[in-house]
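An overview of the molecular structure
Residue-level listing of the chains:
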Amino acid sequence: MLILDGIDASYGAVQVLRGLTLSVGSGEVLCVMGRNGAGKSTMLKTIMGQVRATKGSITLDGTRIDPLPPHEVPRHGIGYVPQGRRLFGDLTVGENIEIGLMTRGRDARVRDTVLDLFPRLRERMGQVSRTLSGGEQQMLAIARALCLEPKVLLLDEPTEGLQPSMIALIRDTVLALKATGVATVLVEQRVDAALSVADRIAFMTGGSVAETVPAKGLHPNAAHFAAYVGV
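Rules used throughout
Residues numbered from 1 in each chain as written. Predicted model: local features only at pLDDT ≥ 70, side-chain atom pairs only at ≥ 80, totals over all residues. Heavy atoms only, no water. Helix = DSSP H or I, 4+ residues; strand = E, 2+ residues; numbered from the N terminus. Contact = heavy atoms within 4.5 Å. Areas by Shrake-Rupley, 256 points an atom, 1.4 Å probe, with all protein chains shown as cover. Lys, Arg positive; Asp, Glu negative; His and termini not counted. Charge placed at Lys NZ, Arg CZ, Asp CG, Glu CD. Axes fitted to C-alpha atoms, helices over the stretch in contact; angles between N-to-C directions. Parallel < 35°, antiparallel > 145°, perpendicular 65-115°, else oblique. Left-handed = near helix turned anticlockwise from the far one by under 90°. Pairing = 2+ DSSP bridges. Phe/Tyr/Trp six-rings, centres within 6.5 Å; stacked < 30°, edge-to-face > 60°. Buried < 20%, exposed > 50% of the residue type's maximum accessible area, 1.4 Å probe, protein only.

A closer look at the overall build of the protein
- Within the protein one finds eight helices and ten strands.
- Counting only contacts in the protein whose residues sit at least 6 apart along the sequence, the fraction spanning at least 24 positions is 68%.
- Of the roughly 10,200 Å² that the protein leaves accessible, carbon and sulfur atoms contribute 52%.
- Averaging the coordinates of the 25 positive side-chain charges in the protein and doing the same for the 23 negative ones gives two points 2 Å apart.

A closer look at the environment of Val-29
- Along the chain, Val-29 falls in strand E3 (residues 29–33).
- The spatial distance from the C-alpha of Val-29 to the C-alpha of Val-152 is 9.8 Å, given a sequence separation of 123 residues.

As for the packing of helix H5 (residues 134–146) against helix H6 (residues 164–179)
- Orientation of H5 relative to H6, taken along the N-to-C sense of each, is 15 degrees, at an axis distance of 10 Å. In terms of axis orientation, H5 runs roughly parallel to H6. The interaxial crossing formed by H5 with H6 has right-handed handedness. Of H6, the residues touching H5 (which contributes Gly-135, Glu-136, Gln-138, Met-139, Ile-142 and Leu-146) are Met-166, Leu-169, Ile-170, Thr-173 and Leu-177.

A short note on the pairing of strand E1 (residues 2–11)
- Inspection of the sheet shows E1 paired to strand E2 (residues 14–24) by seven bridges, in the antiparallel sense. Directly across from Ile-7, in E2, lies its bridge partner Leu-20.
- Hairpin connection from E1 to E2: two residues lie between these consecutive antiparallel strands, with Gly-12 at a positive phi of about 60 degrees.

Brief notes about the packing of aromatic side chains
- On inspection of all chains with the given rule, the structure shows two aromatic pairs.
- Ring geometry for Phe-203 and Phe-225: centres 5.6 Å apart, planes at 70 degrees, overall edge-to-face. Of this pair, Phe-203 sits in strand E9 (residues 200–205) while Phe-225 is found in helix H8 (residues 223–228), placing the two residues 22 residues apart along the sequence. Comparing Phe-203 with Phe-225, the two get one shared label, buried.
- For the pair Phe-203 and Tyr-228, a centre-to-centre distance of 5.2 Å together with 25 degrees between the ring planes defines the contact as stacked.

Structure, rendered in C-alpha cells:
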C-alpha cells in the first residue's frame, strides 16, 4: 500500500501541497481529479522525490520513501508516466524499453510480457521514439514504466490529446494491471475516462484532498465533478 500522510511541498517560497493525505492499495485504481493548479502533478512528483516533501511521510508497504533520492524511488517499485511522456526521443523504442528494464534489473521475460500488452510497439522496436504518433508515444511511456514490474503505477493525464481508440487501450491496460495486483494512481481530467476504471476518486483543491468517494454509482453529472473539476 502507498500512503501519503500530511504532505506539504513547495516550489521555493510557493507552497503547493498542504497536509495532503491519501492511500491506494494493491489492485486498486485511485483517480485524482481537480482543477488546474490543485496540486495533482506536484503530488506525483513528490511521491517520486522530484519535489521534496517538507512535512509528513510517504510510505510504500510500510517503508518510508520520502527521504530517498529520486533515482532510488523507482527501484522500490514505483513506475511513473509523467504528463508529456518524457521519452528519450532520439533513442529507439527498444532502447527506451531497455532503460526501463535496467532500473530494477528485469529481463527479456518482463519485456515480452509488456510487449504483449502493446503489440504495436513490438512492430516498432527499431523506430526512433520521437517519430511515433502521440498515442504510440504514450504506449511506450507506459510500457517503459511497466518494465519495472511496479507495485504502484503513477499516471499523469495519460489520455490527454489522444483519440478514442488509444484512450480505450489505456483503459484496458489499467484494468489488466489491476487484475495482477498493481496499485494505480491516475491523475485525470476526463470524467468518462475516470469513471471507466476508478475504484475511488479523490478530489483535490488547494493542495489537499477535499473528499474521496467510491466511483461506483457516480454519474458524469454528479455534483462532485461540478464542484471540484468543472470550470
